[in-house]
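Given next are the chains, with one letter for each unit.
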Amino acid sequence: MIKTEDHSPAAAMPLPKLVLREVTKAYNTRHGIVEALLPTNLEVKKNEFLVIVGPSGCGKTTLLNLIAGFDHPTSGEVLMDGHPIKGPGFDRLVMFQEAALFPWLKVIDNVMYGLKWKKGLNRAERRDVAMCFLEMVHLGRFADASIHELSGGMKQRVALARALAPNPRVLLMDEPFAALDALTREGLYLQFQEIIAATKKTVIFVTHNVREAACLGDRVAVMSACPGRIKRELMIDLPRPRQFNRTEVSVPAAEIGRELHADLPDEEGGRGVAEEF
Amino acid sequence: MRICRTRKEDAVWQRNFRTLVFYLVLLALWQIFFEMRFFPEYILPSPGMVFRRLRELGGDGILWPSVKATLLRMAIGFGLSALIGLGVGVAMGMLPVANQYLRSVFLGMQTLPSAAWVPISLLIFGLSDRGIYFVIIMSSMAAVAIATADGIANIPPLYLRAAKTLGTPRWAMGYQVILPAALPSVMTGFKLGWTLGWHGAVSAELIKSSIGLGFLLHMGRELNDMSQVLGLMLVTIFFGVLMDRFLFGVMENRIRRRWGLDHE
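Bear in mind the structure is a predicted one, so any value in this text is a computation, not a measurement.

*Asks:* Outline helix 7 (residues 157-165) of chain B, supporting the account with residue identities and numerical values.
*Replies:* By the burial criterion, the buried members of helix 7 of chain B are B:Y159, B:A162, B:A163 and B:T165. Projected down its long axis, helix 7 of chain B shows its buried positions confined to an angular sector of 165°, all on one face. On its buried side, helix 7 of chain B packs onto strand 6 (92-95), helix 2 (107-113) and helix 4 (152-164) of chain A together with helix 8 (173-208) of chain B. Remark: B:G167 follows helix 7 of chain B within two positions and exhibits a positive phi of approximately 90°.

*Asks:* Can you tell me about the pattern of salt bridges, naming the residues and giving the values?
*Replies:* Going through the model one piece at a time under the given rule, you end up with 23 salt bridges over all chains. In this structure, the salt-bridge partner of A:D144 is A:K106, at a minimum N-O distance of 3.2 Å. Here the residue A:D144 occupies a position in the loop between helix 3 (123-136) and helix 4, and A:K106 occupies one in the loop between strand 6 and helix 2, the gap between them amounting to 38 residues. A:K106 sits in the partly exposed class, given a relative accessible area of 30%. One salt bridge connects B:R73 with B:D129, and the closest N-O pair in it is separated by 3.2 Å. Of this pair, B:R73 sits in helix 3 (residues 63-94) while B:D129 sits in helix 6 (residues 129-153), and the two are 56 residues apart along the sequence. In this structure B:R73 comes out as buried when scored by relative accessible area, which is 5%.

*Asks:* Now, about the side chain of B:S81: what can you tell me, with residues and values included?
*Replies:* As for its placement among the helices and strands, B:S81 is situated in helix 3. Leave out the neighbours within four places in its chain, and B:S81 touches B:I137, B:S140 and B:M141.

*Asks:* Would you mind going over the sheet that holds strand 4 (residues 75-80) of chain A in detail, with residue names and values included?
*Replies:* Residue and element names in this part refer to chain A. Read from one edge to the other, the open sheet built from 4 strands follows the order 2-1-4-5, with strand pairing classed as antiparallel. Single-partner strands in this sheet number two, and they are strand 2 (32-44) and strand 5 (83-84). As judged from the 2 bridges shared by strand 4 and strand 5, these two strands associate in the antiparallel manner. Considered in strand 5, the bridge of M80 is made with H83. Helix 1 (residues 60-68) rests against strand 1 (18-29), strand 2 and strand 4 of the sheet, and its axis sits at about 115° to strand 1.

*Asks:* How would you sum up empty space enclosed by the protein? Please name residues and give values.
*Replies:* For the coordinates displayed, the defined rule picks out 2 cavities of 30 Å³ or more. Computed from the structure, the largest cavity encloses a volume of approximately 70 Å³. Looking at the lining of the largest cavity, the elements that each hand over two or more residues are strand 6 and helix 4 of chain A together with helix 7 of chain B. Taken together, the residues that form the lining of the largest cavity break down as 9 nonpolar, 1 polar and 1 charged. The volume enclosed by the second largest cavity comes to roughly 50 Å³. Lining the second largest cavity are A:M95, A:Q156, A:R157, A:L160, A:F177, A:L188, A:Q191, A:F192 and A:I195. Among the elements of the structure, helix 4 and helix 5 (182-199) of chain A are those that each provide at least two residues to the lining of the second largest cavity. Ranked by residue count, the leading element in the lining of the second largest cavity is helix 5 of chain A, at 4 residues. Considering only residue class, the lining of the second largest cavity consists of 6 nonpolar, 2 polar and 1 charged.

The rules behind the values
- One numbering rule holds for all chains: residues counted from 1, following each sequence as written.
- As they are written, the chains are lettered A onward and the ligands numbered 1 onward, keeping that order.
- Local features in this predicted model are restricted to residues of pLDDT 70 or higher, and side-chain atom pairs are both shown and tallied only at a pLDDT of 80 or more, whereas totals for entire chains, interfaces and linings draw on every residue.
- In computing side-chain values, all of the structure's heavy atoms are included and hydrogens and water are not.
- Three labels apply to residues, based on accessible area from a 1.4 Å probe with only protein chains included: buried if under 20% of the type maximum, exposed if over 50%, partly exposed otherwise in between.
- Runs of E in the DSSP output that reach at least two residues are strands. Runs of H or I that reach at least four are helices, and both are numbered from the N terminus.
- Each direction from the helix axis to a C-beta atom contributes to the arc, which is the arc of those directions.
- It only takes one pair of heavy atoms within 4.5 Å for two residues to be counted as in contact.
- Salt bridges are identified by distance alone: a Lys or Arg side-chain nitrogen within 4 Å of an Asp or Glu carboxyl oxygen.
- Any two strands are treated as partners once DSSP identifies two or more bridges connecting them.
- Interaxial angles span 0 to 180 degrees and are taken between N-to-C directions of axes, which are lines fitted to C-alpha atoms, for helices over the stretch in contact.
- Every definition here rests on a 1 Å grid over the protein atoms only: cavities are sets of points where a 1.4 Å probe fits but cannot get out, pockets are open sets enclosed by protein on both sides within 12 Å along at least five of seven lines, and lining residues have some atom within 4 Å of a point.
- Grid points are joined across faces, edges and corners, and a volume is the space filled by probe spheres set on the points.
- Each residue is assigned to one of three groups, with Ala, Val, Leu, Ile, Met, Phe, Trp, Tyr, Cys and Pro labelled nonpolar, Asp, Glu, Lys and Arg labelled charged, and all others, Gly among them, labelled polar.

Structural data, given as structure tokens:
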């Protein structure tokens, strides 16, 4: 499956991990065809942290679902390492807004779950791998706990461990911190950046929080709604790890915010959304 | 936290205590009613007489084997019913066509009283235990099947998406995700099915057996022994509640709490 050796001279220029070429998505609804996504082109490099930010209904989750393979584009193609994406799979694991842990399994068994479908690992090896990732999110001593005994932040950390354990090449994250309270969330950003740096993942991270986008992203794609499209991409060139509340993060955050608000029909609406951010 | 917990435990204890007092008052009223002789003894015996009759039946070595016989029939009949109901329920949960047709059949079947299955079971199986299993299955299977189908239909889609993204192959979805995710509802179906099966078992025993709670109840009527009839009714209620509350009820609550469906 994994072929990394390149014979062509083009090997010097690394191929993008993920390519979206003229991808569109339209849904048939009772009110006719709704265009969720206008033709979109996007390239994501290996080990890049791409944040997709936009208002609700801008098609950012649609975009993520297309990459995840939960949904298929109406036209255009989604390529990973040059191959079209056919369906969901653990080379592109998704983390959701809710932890979506399985309550019938213990914490450790949840983290081991995705490893079950990888060949060549026996139970003891699966447990070792899972334990390693559980330690990474500092929840090693909760291995034998039940899911309902964990707090929201702990659940989301277990979900991260579960997503990392099968060693996906791309991690797709759909507002994974949005359901957590601010204090828990801000505590997680540093830990999360460390883990992503240590495990060298390519990440596509969807959010509507501009500060979160500025704090986490190497690159931020700003989307606008109705119909959804990527209107601008910004590079965030700040040293890591970034502190969520430091002032240098506010500069790009403000820029992303301006970009988003430029879309809104009038000042009044603009202020309303600005407060949400 | 500690205080809250203690208070909660206090509340539970207090509630149990009040329930106990309620039953003691009920027993006392029964005794008073008996002492006032509104009804002749063969219509309303005293609590003591009922208790004595049960002791006699126990001493004769009839009561306990009867309880065991009925529970054993339930174990076999309801065991089969749960298996069949689970299988049919899974089929209903997966195939919309099966769901549409079978659901209407089962909902119809559920309006039928358990005892109404006894004549047909007599015609098919005669006076054998198989006929009692048949009545138990027909009384309880529909409840298990419908609860299973509902449980599958109401699985949070997020579990299925998570399972897919984690690479679960299609053939493994059923036992790895769908059944465990539907378990709280399946358990509710088992609990309801048990109670309906219990009705069926005792109804069938009234007519076609030579041992069992229903048989002793029937015998009490034959002997014009109101103490035995009332005593057997109480024993039947006791074991029904015991299983419903303390076996299925406790399992159901534990599962619901673990699945995050009940918030303390």
